[in-house]
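Take a look at the letters that make up each chain.
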Amino acid sequence: MAQSPIAGLHPAPTRHAELVAWVERIASLTKPDRVHWCDGSEAEKAAIVADLIDKGTLRALDPVKRPGSYYAASDPRDVARVESRTFICPADPKDAGPTNNWAEPTEMRARLDGLFDGCMVGRTMYVVPFCMGPLGSEISALGVEITDSGYVAVSMGIMTRMGKDALDALGEDGVFVPAVHTLGAPLADGQADVPWPCNEDKWIVHFPETREIWSYGSGYGGNALLGKKCYALRIASVMARDEGWLAEHMLILKLTDPQDRVKYVAAAFPSACGKTNLAMLQPSIPGWKAETVGDDIAWMRFGDDGRLYAVNPEAGFFGVAPGTSRNTNKNALETLATNTVFTNVALTADNDVWWEGLTKEAPEGLTNWKGQLHDPASGEPAAHPNARFAAPAAQCPTIAPEWEDPKGVPIDAILFGGRRASAVPLVTEAFDWEHGVFLGSTVASEGTAAAENKVGELRRDPFAMLPFCGYNMGDYFAHWLAMGKKSDPAKLPRFYFVNWFRKGSDGKFVWPGFGDNARVLKWISERLNGEAEAVRTPVGHVPTREALDLDGLDLSEADLATLLDVDVEVWTEEASRIPAFFETFGDRMPKTLWDQHKALEQRLSSARSASMAAE
Ligand SMILES: Nc1nc2c(ncn2[C@@H]2O[C@H](COP(=O)(O)OP(=O)(O)OP(=O)(O)O)[C@@H](O)[C@H]2O)c(=O)[nH]1
Ligand SMILES: O=C([O-])CC(=O)C(=O)O
Ligand SMILES: [Mn+2]
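Rules used in this analysis
- Within each chain, residues carry numbers counting from 1 in the order of the written sequence.
- Both sets of labels track the order of writing: A upward for chains, 1 upward for ligands.
- pLDDT decides what is reported in this predicted model: residues at 70 or higher carry local features, side-chain atom pairs at 80 or more are listed and counted, and totals for whole chains, interfaces and linings draw on all residues regardless.
- For helices the rule is a DSSP run of H or I covering at least 4 residues; for strands it is a run of E covering at least 2, with both sets numbered from the N terminus onward.
- This radius of gyration counts C-alpha atoms alone. The globule rule is 2.2 Å times how many residues there are, raised to the power 0.38.
- As a rule, residues whose C-beta atom has 12 or fewer other C-beta atoms within 10 Å are exposed, those with 20 or more are buried, and those in between are partly exposed; C-beta atoms are placed from the backbone.
- Whether two residues are in contact is decided by their C-beta atoms, placed from the backbone, lying within 7 Å.
- UniProt positions are given in the numbering used here, feature names are shortened, and annotations may be inferred rather than shown by experiment.
- Any two strands with at least two DSSP-identified bridges between them are counted as paired.
- Helix axes are fitted only over the stretch in contact, all axes being lines through C-alpha atoms; the angle between N-to-C directions runs from 0 to 180 degrees.
- Here the word oblique covers every angle except those under 35 degrees (roughly parallel), over 145 (roughly antiparallel) and from 65 to 115 (roughly perpendicular).
- Handedness of each helix crossing follows the sense of rotation of the near helix against the far helix: counterclockwise by less than a right angle gives left-handed, clockwise gives right-handed.
- The classification used treats Ala, Val, Leu, Ile, Met, Phe, Trp, Tyr, Cys and Pro as nonpolar, Asp, Glu, Lys and Arg as charged, and all other residues, Gly among them, as polar.
- For the purposes of this analysis, a nonpolar core is taken to be any set of buried Ala, Val, Leu, Ile, Met, Phe, Trp, Tyr and Cys residues that are connected through C-beta atoms within 7 Å.
- What fixes the domain bounds is an automatic or database domain assignment.
- Contact assignment follows one rule, namely that a residue is near a molecule or strand if its backbone-placed C-beta atom lies within 6 Å of it.

A. Geometry of the overall build of the protein. A count of helical and extended segments in the protein gives 17 helices and 29 strands. For the protein, whose C-alpha radius of gyration is 24 Å, the value lies close to the compact-globule estimate of 25 Å for 615 residues. Dimensions along the principal axes, computed over C-alpha positions, put the protein at roughly 85 × 55 × 45 Å. Out of the 615 residues belonging to the protein, those deemed buried represent 52%. Taking all contacts inside the protein whose residues are at least 6 apart in sequence as the whole, residues at least 24 apart take part in 73%.

Set out below in structure tokens:
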């Protein structure tokens, strides 16, 4: 074999021939100056960080206040996931479905070949082996990300089990998902680099049939850390469909009641709708304890005992910084005390970080995320609304001891939620699995800063998976329905719909949220034990006023009515909007969910007749 001109390409620290051949192929396409195989060591991290500091990508934060932590500010055009540039490319467009962008795979490959040709010139190509899920777990899966971004390599080291152990787990012929990432910013000879290289043109591409990921042009979060949304959700959802398990956009929480009874809860809320906060909840009610297993993604499969077991495939938290404070999420702040990479937050005059909501007043002398002196009078936030931290999960003070248990934790309840200013009660319990899947399929939420759609506008986000399902969502609903038939109904988790974001006529949130969400979890836990009362409404079981622990809360009777009453008129309107959404899936939409919709309409119409008769 001819000697490769690329430094570091040989010898590879693995005898996995297919992996080596793939790395060689990508190197000859992308033409980096050198190749570095990541081993995940502290020394390696220090060297990559030093290089990033040199380039101005990272800045070391105050070593006393924030040891081992760094600050990055992105290009202002590269601040969130780019859903309009995200593609799912199976051969048949129907397999991508109406909720995904699709491109013909042969044409897409030709396009990528052009884009990636020479895209790493002047840069180092990092080969990043990683494991999603605890090493050695049957539920876990391996991947290798090739990237020309040191920031991505370091972040992958926080967010996944990255390096030698993952490479060893691959052995000589282990299966891995190949993921190629480039900033799309080659450096000509002598060309100066910029702190946050990226490209105006962005392509986040998935080939579900061959389980491949290609990402071009962005260095940010879910576009670039390919183990996360691209692998653990989009590709894994396809693997899960084919292999009979679930890859979901869900936090995992352990809840212990005053009698030491444990419940495990998984919850799907759309991006920036409260997963990380609920996962780290500090209960406001005495005697209750909450611990964290995961804050964003759950991989779940049935165990031999017929229960649904969940694993958190990640090793870190990539959380929203703004709004995080001692009062709202003390556990997150403690997690961020050390070894954290902050992106697009504000920088204080004494070299620490700040964001809106951390303290009431912005400190003097802040530098905003755009690198300018912050002017509070401008009305512009100092931190970008989607500013994020990447921190090791093990640092979380409430991390559950079993968070890395290879067999996972048995799920008792599955929650759905979103930001809904109106209509949706504080909590609703589904009648059964099929009704629960129906509730999941109709999730809608007001847009947030985590993606590029309009902030505030209501959009459907079934199972909080709209941007993350790697196949036709009609088939995805059918998969959920089929999963419910795999076990004894008594062993299945129960479904709940929660809404922390109900607003009063004054436009303010009615429910205090955060630690007080434990009150809702308490009701759920008691329902699972057969202890708590509920009212049967057309949309599901809702707590009675007495069943919900409101001790010490300052809520008026009108507030409670807003939170708990089901307005039949409003819900008739809400239900009437569902068919247009279901129709988009055509013949891929399971009949069971149409039947669920019909049953909802019938319950609403009976409730209307009953209330008219009563008048
Ligand atoms: N009013 C209210 N706001 C909340 C509550 N929980 C979270 N938030 C706010 O919602 C925003 C996003 O919360 P996160 O917990 O980071 O959301 P997430 O679902 O983890 O978001 P992604 O990481 O993008 O998937 C933050 O600004 C929080 O302060 C709550 O119970 N009530
Ligand atoms: O993927 C990202 O960039 C951040 C994230 O968790 C989300 O948007 O849901
Ligand atoms: Mn989160």
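Alright, that's what it looks like, and here's the rest.
B. Structural view of the UniProt feature "binding site: Mn(2+)" (unreviewed entry) in the protein. UniProt feature "binding site: Mn(2+)" (unreviewed entry): in the numbering of this structure it lies at Lys229, His249 and Asp296. Taking the farthest pair of C-alpha atoms as the criterion, the annotated set spanning 68 residues converges on one region, since that pair is 9.5 Å apart. Of note, Lys229 is situated in helix H8 (residues 227–243). Judged by the 23 C-beta atoms lying within 10 Å of it, Lys229 falls in the buried class. With residues up to four places along the chain from it excluded, the contact list for Lys229 reads Gly222, Arg234 and Phe468. With respect to the secondary-structure elements, His249 resides in the loop between strand S11 (246–248) and strand S12 (251–256). C-beta crowding within 10 Å serves as the criterion here: with 25 such atoms nearby, His249 is assigned to the buried category. Beyond its immediate sequence surroundings of up to four residues, His249 is in contact with Leu233, Ala268, Asp296, Ile297, Ala464, Met465 and Phe468.

C. Local environment of the sheet that holds strand S22 (residues 409–410). Pairing is antiparallel in the open sheet, where four strands are placed in the order S11-S15-S16-S22. With partners counted over all chains shown, the strands left at the sheet margins are S11 and S22, one partner each. Bridge count between strand S15 (residues 298–302) and strand S16 (residues 308–311): four bridges; the pairing is antiparallel. Among the inter-strand pairings, Arg301 is bridged to a residue of S16, identified as Tyr309. Strands S11 and S15 of the sheet are contacted by H8, whose axis makes an angle of about 160° with S11.

D. Examining helix H5 (residues 150–159) more closely. With 10 of 10 residues buried, H5 is to be regarded as a mostly interior element. Regarding H5, the residues found buried are Gly150, Tyr151, Val152, Ala153, Val154, Ser155, Met156, Gly157, Ile158 and Met159.

E. Examining the sheet that holds strand S18 (residues 341–343) more closely. In space, the five strands of this open sheet follow the order S2-S3-S18-S21-S17, with mixed pairing throughout. Looking at the sheet topology across the chains shown, the edges are occupied by strand S2 (59–60) and strand S17 (316–320). Bridging between S18 and strand S21 (residues 388–392) involves three bridges; their strand directions are antiparallel. Along S21, the bridge assignment pairs Val341 with Ala390. Taken strand by strand, H5 contacts strand S3 (70–72), S17, S18 and S21, and its axis lies near 55° from that of S21.

F. The packing of helix H15 (residues 568–576) against helix H17 (residues 591–614), seen in detail. Following both chains from N to C, one finds H15 and H17 inclined at 155°, their axes separated by 10 Å at the closest point. By the angle between their axes, H15 is roughly antiparallel relative to H17. Viewed along their axes, H15 and H17 form a crossing whose handedness is left-handed. Contact with H15, carried on its side by Val568, Trp571, Thr572 and Ala575, involves Leu600, Glu601, Leu604, Ala607, Arg608 and Ser611 of H17 and no other residues of that element. A per-class count over the contact of H15 with H17 returns six nonpolar, two polar and two charged.

G. Inspection of the nonpolar core at higher detail. Counting 185 residues, the largest nonpolar core has Val127, Tyr231, Ile252, Ala266, Ala310, Val345 and Ala346 as its most contacted members. No other element matches the eight residues that H8 contributes to this core. With sequence-adjacent residues up to four places away left out, Val127 is seen in contact with Val23, Val35, His36, Trp37, Cys38, Val144 and Ile146.

H. Structural context of the domain arrangement of the protein. Once the domains are mapped, the protein shows domain 1 (17–57 + 83–243), domain 2 (247–315 + 401–614) and domain 3 (317–395). With centres defined by C-alpha atoms, the gap from domain 1 to domain 3 works out at 27 Å. With six residues of domain 1 at the interface, the matching set in domain 3 holds six residues. Counting residues per element, the side of domain 1 that touches domain 3 draws most heavily on H5, at four residues. Split by residue class, the side of domain 1 that touches domain 3 holds three nonpolar, two polar and one charged.

I. The environment of Leu366, seen in detail. Note that Leu366 resides in the loop between strand S20 (353–354) and S21. Sequence-distant contacts of Leu366, defined by excluding residues within four places in its chain, comprise Ala346, Leu347, Thr348, Trp354, His374 and Ala382.

J. Quick look at helix H11 (residues 433–441). Of all nine residues that make up H11, eight are buried, and the element is covered over most of its length. Along H11, the residues classified as buried are Trp433, Glu434, Gly436, Val437, Phe438, Leu439, Gly440 and Ser441. Contact partners of the buried residues in H11: strand S23 (413–417), helix H12 (473–483), strand S27 (494–498) and H17.

K. Layout of the site of ligand 1. Taken together, 21 residues sit near ligand 1, with Ser271, Gly274, Lys275, Gly323 and Gly513 positioned nearest. When residues of the shell around ligand 1 are traced back to their parent elements, those giving at least two are helix H9 (275–279) and S17. The element that contributes the greatest number of residues to the shell around ligand 1 is H9, accounting for three residues. For the shell around ligand 1, the residue count by class is 10 nonpolar, nine polar and two charged. Composition of the shell around ligand 1 by domain shows at least three residues from each of domain 2 (247–315 + 401–614) and domain 3 (317–395).

L. Molecular detail of the packing of helix H2 (residues 42–55) against H5. Two elements in contact, H2 and H5, have axes whose closest approach is 9 Å; the angle formed by their N-to-C orientations is 145°. Of the two elements, H2 crosses H5, and the hand of that crossing is left-handed. Contact residues: H2 offers Lys45, Ile48, Val49, Asp51 and Leu52, while H5 offers Gly150, Tyr151, Ala153, Val154 and Gly157. Tallied by class, the residues present in the contact of H2 with H5 amount to six nonpolar, two polar and two charged.

M. View of the environment of Ala423. Tracing the backbone shows Ala423 in the loop between S23 and strand S24 (427–429). Those residues in contact with Ala423, other than ones at most four positions away along the chain, are Val570, Trp571 and Glu574.

N. Quick peek at unusual backbone geometry. In this chain, His10 is followed by Pro11 through a cis amide linkage whose omega measures -5°. Backbone geometry at Asn344 places phi at a positive 65°, although glycine is not the residue there. Checked against the element boundaries, Asn344 lands in the loop between S18 and strand S19 (346–347). We note that Ala464 has phi near 55°; this positive angle belongs to a residue other than glycine. Tracing the chain through its elements places Ala464 in the loop between strand S26 (458–460) and H12. Looking at Ala464, the number of C-beta atoms within 10 Å reads 23, which means it is buried.

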